[in-house]
Amino acid sequence: MNKIIEQTYKDIKSIKIQGATNVALAVAKALKRYSKEVEVKTSSQLIKEISKAGKCLVSARATEPMADNVVEFIVFYLKKNKDLSVVELKKVLLSEIDYFFTLVEQNNQKITKNGEKLIKFGDKIFTHCHSSSVIKTLIAAKKNKKNFQVFQTETRPLYQGHKTAKDLKKAGIKDTLVVDSAAPYLISKISGNKFVIDKVIIGCDAIARDGSCVNKVGSFSLALTAFLNKVPVYVATQALKINEDANNLKAIKIEEREAREVWASAPKGLKIFNPAFDKVPVELITGYITEFGVVKPKDLMKKIKKNYSWL
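Starting afresh in each chain, residues are numbered from 1 along the sequence in its written order. Residues qualify for local features only when their pLDDT is at least 70, as the model is predicted, and side-chain atom pairs are given and counted only at 80 or more; totals for whole chains, interfaces and linings, by contrast, use all residues. Where side-chain values are given, they derive from all heavy atoms of the structure, hydrogens and water being excluded.

### Thoughts on the overall build of the protein
Line of reasoning, step 1. Only DSSP runs of H or I reaching four residues or more are called helices, and only runs of E reaching two or more are called strands; each is numbered from the N terminus. Looking only at helices and strands, the protein has ten helices and ten strands in total.
Line of reasoning, step 2. Here the globule rule reads 2.2 Å times residues to the power 0.38, and the radius of gyration is calculated from C-alpha atoms. For 311 residues, the compact-globule estimate of 2.2 N^0.38 gives 19 Å, and the C-alpha radius of gyration of the protein, at 20 Å, lies within 12% of that figure.
Line of reasoning, step 3. Expressed along its principal axes, the backbone C-alpha trace of the protein runs to roughly 70 × 50 × 35 Å.
Line of reasoning, step 4. Looking at the protein residue by residue over its 311 residues, the buried ones come to 52%.
Line of reasoning, step 5. By sequence separation, contacts in the protein at least 24 residues apart represent 77% of the contacts at least 6 residues apart.
Line of reasoning, step 6. Here the protein has roughly 15,400 Å² of accessible surface; of this, 52% comes from carbon and sulfur atoms.
Line of reasoning, step 7. Computed over 54 positive and 32 negative side-chain charges, the inter-centroid distance for the protein is 4 Å. Think of it in three bands: residues with accessible area under 20% of the maximum for their type are buried, residues over 50% are exposed, and the middle band is partly exposed, with areas taken using a 1.4 Å probe on protein chains only. Pairs of residues are marked as contacts when any of their non-hydrogen atoms sit within 4.5 Å. To measure how exposed things are, a 1.4 Å probe is used in the Shrake-Rupley method; for residues, cover is taken only from the protein chains shown. In this charge count, Lys and Arg are treated as positive and Asp and Glu as negative; neither His nor the chain ends contribute. A charged residue contributes its charge at one atom only: NZ of Lys, CZ of Arg, CG of Asp or CD of Glu.

### Some remarks on the sheet that holds strand β4 (residues 199-202)
Line of reasoning, step 1. Pairing between two strands requires that DSSP report at least two bridges joining them. Read from one edge to the other, the open sheet built from seven strands follows the order β3-β2-β1-β4-β7-β9-β10, with strand pairing classed as mixed. Lying at the two open borders of the sheet, with one neighbouring strand each, are β3 (174-178) and β10 (293-295). Adjacent strand axes in the sheet meet at a mean angle of 25 degrees when their direction is disregarded.
Line of reasoning, step 2. Taken together, the five bridges between strand β2 (residues 149-153) and β3 define a ladder with parallel strand orientation. Note that in β3 the partner of valine 150 across the bridge is aspartate 175. The convention used is that axes are lines fitted to C-alpha atoms, helices contributing only their stretch in contact, and that angles between N-to-C directions extend from 0 to 180 degrees.

### With respect to helix α6 (residues 132-143)
Line of reasoning, step 1. Here α6 is twelve residues long and its end C-alpha atoms lie 16 Å apart, about the 16 Å a rise of 1.5 Å per residue gives.
Line of reasoning, step 2. Directly beyond the C-terminal end of α6, a positive phi value near 65 degrees is found at lysine 145. Multiplying 1.5 Å by the helix residue count minus one yields the expected span of that helix.

### Points about the sheet that holds strand β5 (residues 206-207)
Line of reasoning, step 1. Read across the sheet, three strands follow the order β5-β6-β8 without closing on themselves; strand pairing throughout is antiparallel. The strands lining the two open edges of the sheet, one partner per strand, are β5 and β8 (277-280).
Line of reasoning, step 2. Sheet contacts for helix α9 (residues 219-228): β6 (213-216) and β8; angle to β8, the most-contacted strand, approximately 25 degrees.

### Concerning the environment of phenylalanine 76
Line of reasoning, step 1. Within the secondary structure, phenylalanine 76 sits in helix α4 (residues 65-80).
Line of reasoning, step 2. Given a relative accessible area of 33%, phenylalanine 76 falls into the partly exposed group.
Line of reasoning, step 3. Measuring from C-alpha to C-alpha, the distance between phenylalanine 76 and asparagine 229 comes to 45 Å, with 153 residues separating the pair along the chain.

### Comments concerning unusual backbone geometry
Line of reasoning, step 1. For the bond from arginine 156 to proline 157, the omega torsion is 0 degrees, close enough to zero to count as cis.
Line of reasoning, step 2. Within the fold, proline 157 resides in the loop between β2 and α7 (160-170).
Line of reasoning, step 3. Look at threonine 155: it is not a glycine, yet its phi comes out positive at around 65 degrees.

In structure tokens form, the structure reads like this:
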């Protein structure tokens, strides 16, 4: 295996590179570097090698369709220009990958702008895990001099919530970290007037065609509690995280992580279930904060098909 592909695979697998968007960008960068080194005689061989390397990188994490989509994007344009020479086809590949980087950055800016509009003066917002889209949205609201508070989970077992807390505190945002098991209670009305949550804003790693999504484990209980207590749930995300092959959540595979992440010195023979993600049904989602605006779940697939013809 090529060293570039091998190292990127390891970094994604070990969660050194984390977050759906970051994983997708890492895959694109690796393929860009690999294309400059790979030695092939024909354009068909180049397409085959890039496709093979892309599939290898995507296999590092089972629940990251945006990474799969970037590979599909690259291969689509390679096949579209398959009659070019190897030298010219490599130029196309580099150009399209650069375009993808630009597209993602432009989408990020649009998501931030659309999400910032949802945050009102005095809001108490709950979030989970670490989402770059959510973080950027909250920071934009802070820069716009909106006074609000954030409550967020620690996000066991790898504590991605600690990174969220650091980012928010650095931005001067009032933030409260809570243990994961306390989160549903805090969102519910039962917790009293001290913790009245106005909205839940989370990111996601995968979207099904019906508008449901997959996010860090714990998201389901937060969304369900919010739904039962009439608290709106928004998902801030690139629409490029669509899993085209999944009509609904049943079709999306949930990655299971190693037991030692939960308890490194667990008693011998103890079974530990450590899913990296869980599923949020479409009924629990108020809207998606996307590059297309705030979109109702039922309308998201139409927007994606209209704007991303290569999917």
